[in-house]
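In case you want the letters, here they are:
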Amino acid sequence: MLLSRKQKDIRVNKGFTLIEISIAIIVVGLLITPLFRLYDTYQTQQKLDNTQKTLEIVIREMEMYKDVQGVYPCPAPMDVARNSPDNGSAMNNNDCSAAFFATIPQVAGECLNGVCLKASVRPATSDIIIGTLPFRNLQMTEEDTLDGYGNRLLYAVTQDLTDVEEFNTEAGGISIVDTAGNKMVANDSAMFLLLSFGPSKQGGYNKNGVQMGSCPTVGPEVNNCIDDYTNSTIATDAIFSYAPITTATGGNNFDHLLKFHSTREQRLWRRYFFFF
């Protein structure tokens, strides 16, 4: 059968069929899916690297502060609003002595006004004060003290190490243990600790002072987490946990990244997590 020129033009210009378009979409999807996975992995690594970098910078600034002032700074309130004058400012004009807490009064196992107190398990050692970083006192910007997920870091410090009259490099009193309860620092003697709540953000507070997720009730993260810094009762002992990084469910998740300085000048512990 002979086709006219018009019929030939129609056949030539009729375009792709739905089947052809569907096949093309499937092929393109197969080609770009691995790229999305690579990008997700890249983003995860970037957030980890940014958190690690932030912790290293803060550690440096903390040591510079100590070299100049002779002490470590008091924590800032964890849960204050971003526009509050207390945001990033060391509590009580940087006086977090035992004498000050006695006037409130606030004792170990209590949280008030954005700051918590815990007792050291090390004999004859002062309490541990828990809040967030006083970036103003450290002369840092707020952004430079947020982790890679945009949240405030937890900062815990031995009380005597914030008092120039009591400061003693042998006086650290923070305990860090693994899931079996084994000590990860000799004599429960960590001087101060910095902690990121990681990608799950459970227990973490963002830069607006809003909690991003409730603390878990079971698992290794429980020791590191406080739900209410304003007015609550918490576990008394200053024990923090480390566990291998995992995204397992059922209370076994652990994605915290922490660093600490110990009395015996042990190296800073570094904990990494990767997701694929």
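Residues numbered from 1 in each chain as written. Predicted model: local features only at pLDDT ≥ 70, side-chain atom pairs only at ≥ 80, totals over all residues. Heavy atoms only, no water.

> Could you give an account of the overall build of the chain, naming the residues involved and the relevant values?
Each helix and strand counted, the chain has four helices and nine strands in total. Within the chain, buried positions represent 45% of all 276 residues. Accessible surface computed for the chain: about 14,500 Å², of which carbon and sulfur atoms make up 54%. (Helix = DSSP H or I, 4+ residues; strand = E, 2+ residues; numbered from the N terminus. Buried < 20%, exposed > 50% of the residue type's maximum accessible area, 1.4 Å probe, protein only. Areas by Shrake-Rupley, 256 points an atom, 1.4 Å probe, with all protein chains shown as cover.)

> So what's going on with the sheet that holds strand 4 (residues 154-158)? Residues and values would help.
Reading across the sheet, the seven strands line up as 7-1-2-3-4-6-9 and stay open at both edges, with antiparallel pairing between neighbours. The open sheet is flanked by strand 7 (231-233) and strand 9 (257-262), the only strands paired with a single partner. Across this sheet, the average inter-strand angle for adjacent strands is 15°, counted without regard to direction. Relative to strand 2 (residues 115-118), strand 1 (residues 110-112) is paired through three bridges, and the arrangement is antiparallel. Along strand 2, the bridge assignment pairs Cys 111 with Cys 116. (Pairing = 2+ DSSP bridges. Axes fitted to C-alpha atoms, helices over the stretch in contact; angles between N-to-C directions.)

> Break down the pairing of strand 4 for me, with residues and values.
Of all five residues in strand 4, five are buried, a share of seventy percent or more. A two-sided burial pattern is seen for strand 4, the buried positions comprising Leu 154, Ala 156 and Thr 158 on one face and Tyr 155 and Val 157 on the other. Across five bridges, strand 3 (residues 128-132) lies against strand 4 in antiparallel orientation. Each bridged residue has a counterpart across the sheet, and for Gly 131 the counterpart in strand 4 is Tyr 155.

> Talk me through the pairing of strand 3; I want residue IDs and the actual numbers.
In the case of a regular strand, side chains alternate between the two sheet surfaces. With five of its five residues buried, strand 3 lies for the most part within the structure. Residues of strand 3 alternate between two faces, with Ile 128, Ile 130 and Thr 132 on one and Ile 129 and Gly 131 on the opposite face, all of them buried. The sheet contact formed by strand 2 and strand 3 spans three bridges and is antiparallel. By the bridge assignment for strand 3, Cys 116 is matched with Ile 130.

> Kindly report on the state of the cysteines, identifying the contributing residues and their values.
In total, this model carries three disulfides according to the counting rule given. Two residues, Cys 74 and Cys 96, share a disulfide whose sulfurs are 2.1 Å apart. A torsion of -90° about the S-S bond marks the disulfide between Cys 74 and Cys 96 as left-handed. Within this pair, whereas Cys 74 is found in the loop between helix 2 (18-69) and helix 3 (91-94), its partner Cys 96 is found in the loop between helix 3 and helix 4 (98-103), the two being separated by 22 residues in sequence. Residue Cys 96 is classed as buried on the basis of its relative accessible area, which comes to 1%. Across the disulfide, Cys 111 is cross-linked to Cys 116 (sulfur-sulfur distance 2.0 Å). Because the torsion about its S-S bond is 110°, the bridge between Cys 111 and Cys 116 counts as right-handed. For the pair formed by Cys 111 and Cys 116, the shared burial category is buried. (Disulfide = S-S within 2.5 Å.)

> Quick rundown of a nonpolar patch on the surface? Include the residues and the values.
On the surface, Ile 19, Ile 23, Val 27, Val 28, Leu 31 and Ile 32 cluster together to form a nonpolar patch covering roughly 560 Å² of accessible area. Among the structural elements, Val 28 can be located in helix 2. (Patch = residues over 30% accessible without salt bridge, like charges linked within 9 Å, V, L, I, M, F, W, Y side chains within 5 Å. Salt bridge = Lys/Arg side-chain N within 4 Å of Asp/Glu carboxyl O.)

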